[in-house]
Amino acid sequence: PRTAQSGEYGPVNSGEALYDIANATRPDDSVTVNQMKLALLRSNPNAFYENNINSLKRGAILRIPSSEEIKAAASAAADSGCVARASPRDCTTP
């Protein structure tokens, strides 16, 4: 798969977990894996079935969001109460 250095990741292989992709592509430890997962969802809504964060499409090529986009996604999730949930699985893109 292409990595974050190219600004993209993919294509996503069968069995690849979003957690692992988010962990591998987050810019640094100040960004949590859940924040990165949400930012990947917001930046790549067509890479997920029905905007479900747990349904990443095989073969998708993910655009890696910028630090500003990651912060914006985290802020929007916090405003919606998404971060307060045990898991971001119920979070959807606006």
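Quick note: structure is the one above.
The sections below set out a description of the structure shown in this document. All values reported here derive from a predicted model rather than from experimental measurement.

**Overview of the overall build of the protein**
- Secondary structure summary: the protein contains three helices and two strands in total.
- Looking at the 94 residues of the protein, the share that counts as buried comes to 35%.
- By sequence separation, contacts in the protein at least 24 residues apart represent 52% of the contacts at least 6 residues apart.
- Roughly 5500 Å² of accessible area belongs to the protein as shown, and the carbon and sulfur atoms make up 45% of that amount.

**With respect to the pattern of salt bridges**
- One pass over the structure, following the stated rule, counts two salt bridges.
- Across the pair Arg 26 and Asp 29 runs a salt bridge, and its minimum N-O distance is 3.5 Å.
- Ionic pairing is found between Glu 69 and Arg 63, a salt bridge with its closest N-O pair at 2.9 Å.
- Judged by its relative accessible area of 30%, Glu 69 is partly exposed.
- Judged by relative accessible area, Arg 63 falls into the partly exposed class, the value being 35%.

**Regarding the packing of aromatic side chains**
- Within the structure shown, the criterion is met by zero aromatic pairs.
- Here Lys 57 stacks its cationic end above the ring of Tyr 49, 5.2 Å away from the centre of that ring.

**With respect to the nonpolar core**
- In this structure, Ile 21, Met 36, Leu 40, Leu 56 and Leu 62 are the most contacted members of the largest nonpolar core, which totals 21 residues.
- When contributions to this core are tallied by element, the ones reaching two or more residues are helix H1 (18-25), helix H2 (33-43) and helix H3 (67-80).
- Sort the elements by how many residues they give to this core and H2 lands first, with six residues.
- Aside from chain neighbours lying at most four places away, what touches Leu 56 is Val 12, Leu 18, Ile 21, Ala 47, Phe 48, Tyr 49 and Leu 62.

**Digging into the side chain of Ser 43**
- Looking at the secondary structure, you find Ser 43 in helix H2.
- With a relative accessible area of 18%, Ser 43 lands in the buried category.
- Apart from the residues lying within four places of it in its own chain, the contact partners of Ser 43 are Arg 63 and Pro 65.

Reading the values: the criteria
Residues numbered from 1 in each chain as written. Predicted model: local features only at pLDDT ≥ 70, side-chain atom pairs only at ≥ 80, totals over all residues. Heavy atoms only, no water. Helix = DSSP H or I, 4+ residues; strand = E, 2+ residues; numbered from the N terminus. Buried < 20%, exposed > 50% of the residue type's maximum accessible area, 1.4 Å probe, protein only. Contact = heavy atoms within 4.5 Å. Areas by Shrake-Rupley, 256 points an atom, 1.4 Å probe, with all protein chains shown as cover. Salt bridge = Lys/Arg side-chain N within 4 Å of Asp/Glu carboxyl O. Phe/Tyr/Trp six-rings, centres within 6.5 Å; stacked < 30°, edge-to-face > 60°. Lys NZ or Arg CZ within 6 Å of the ring centre and 35° of its normal. Core = buried A, V, L, I, M, F, W, Y, C linked by side-chain atoms within 4.5 Å.

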